[in-house]
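Examining the three-dimensional arrangement
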Amino acid sequence: MLRGSCHCGAVKFEFREKPEWLTECNCSACRRYGTIWAHGSPKNISIEKAPDATSAYIWGDQMIEFHTCRTCGNTTHWSDLDADYDRMAVNTRLVPFKDVKDIPIRHFDGADTGRFLD
Ligand SMILES: [Zn+2]
């Protein structure tokens, strides 16, 4: 279980899986956000926030939206626009470091090949 919150506390999340690894992606969006993702099923992830607490960014023909706190600017999670899609991710930069320091980080080549680089 990982718990995180944005800097101002307007967005909190609970990730009820134990990730084998975290993902740093080099795509044009993730690279700029500086996120380190934990991916899981939406069934095992709760986002606690007011409906208007985040702004959502949808990019190109992607089906995912990146959520960023309107108050403090932290990127908190992404979710898929297709509610049946069984994947989303939270930004573990927002989780206390002690809770993630022992989880390996894998580098995902989202910019080019769509494969892990390791
Ligand atoms: Zn915030």
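Residues numbered from 1 in each chain as written. Predicted model: local features only at pLDDT ≥ 70, side-chain atom pairs only at ≥ 80, totals over all residues. Heavy atoms only, no water.

The next thing to look at is the overall build of the protein chain. Secondary structure assignment for the protein chain yields two helices and 10 strands. When the elements of the protein chain are put in sequence order from the N terminus, they spell out β-β-β-α-β-β-β-β-β-β-α-β. For 118 residues, the compact-globule estimate of 2.2 N^0.38 gives 13 Å, and the C-alpha radius of gyration of the protein chain, at 13 Å, lies within 12% of that figure. When the backbone C-alpha atoms are referred to their principal axes, the protein chain occupies close to 35 × 35 × 25 Å. Expressed as a percentage of its 118 residues, the buried residues of the protein chain come to 37%. In the protein chain, once contacts between residues fewer than 6 apart in sequence are set aside, the share between residues at least 24 apart is 57%. In the form shown here, the protein chain has an accessible surface area of approximately 7000 Å², with 49% of it arising from carbon and sulfur atoms. Charge-centre separation for the protein chain: the mean point of 15 positive side chains lies 6 Å from the mean point of 17 negative side chains. (Helix = DSSP H or I, 4+ residues; strand = E, 2+ residues; numbered from the N terminus. Rg over C-alpha atoms; globule rule 2.2 N^0.38 Å. Buried < 20%, exposed > 50% of the residue type's maximum accessible area, 1.4 Å probe, protein only. Contact = heavy atoms within 4.5 Å. Areas by Shrake-Rupley, 256 points an atom, 1.4 Å probe, with all protein chains shown as cover. Lys, Arg positive; Asp, Glu negative; His and termini not counted. Charge placed at Lys NZ, Arg CZ, Asp CG, Glu CD.)

Below, the discussion takes up the sheet that holds strand β1 (residues 2-5). Taken in spatial order, the three strands make up an open sheet running β1-β2-β5, and their pairing is antiparallel. The open sheet has two edge strands, β1 and β5 (45-48), and neither has a second partner. The mean inter-strand angle of the sheet, taken between neighbouring strand axes irrespective of direction, is 10 degrees. The pairing of β1 with strand β2 (residues 12-15) spans four bridges and is antiparallel. Its bridge partner being in β2, G4 is matched across the sheet by F13. (Pairing = 2+ DSSP bridges. Axes fitted to C-alpha atoms, helices over the stretch in contact; angles between N-to-C directions.)

Moving on, we come to the side chain of H77. Within the secondary structure, H77 sits in strand β8 (residues 75-80). Only 2.8 Å separates the side chain of H77 from the side chain of T76, close enough to count as a polar contact. In this structure, H77 is in contact with W37, I47, K49, E65, F66, H67, M88, A89 and V90, ignoring residues within four places of it in sequence. (Polar contact = N/O pair within 3.5 Å; in protein donor to acceptor, adjacent residues only side chain to side chain.)

On the secondary structure map, F15 appears in strand β2. The exposure class assigned to F15 is buried, which follows from its relative accessible area of 0%. Taking the C-alpha atoms as reference points, F15 and D61, separated by 46 residues in sequence, lie 27 Å from one another. Among all residues touching F15, those that are not within four sequence positions of it are M1, L2, A38, H39, G40, N44, I45 and V90.

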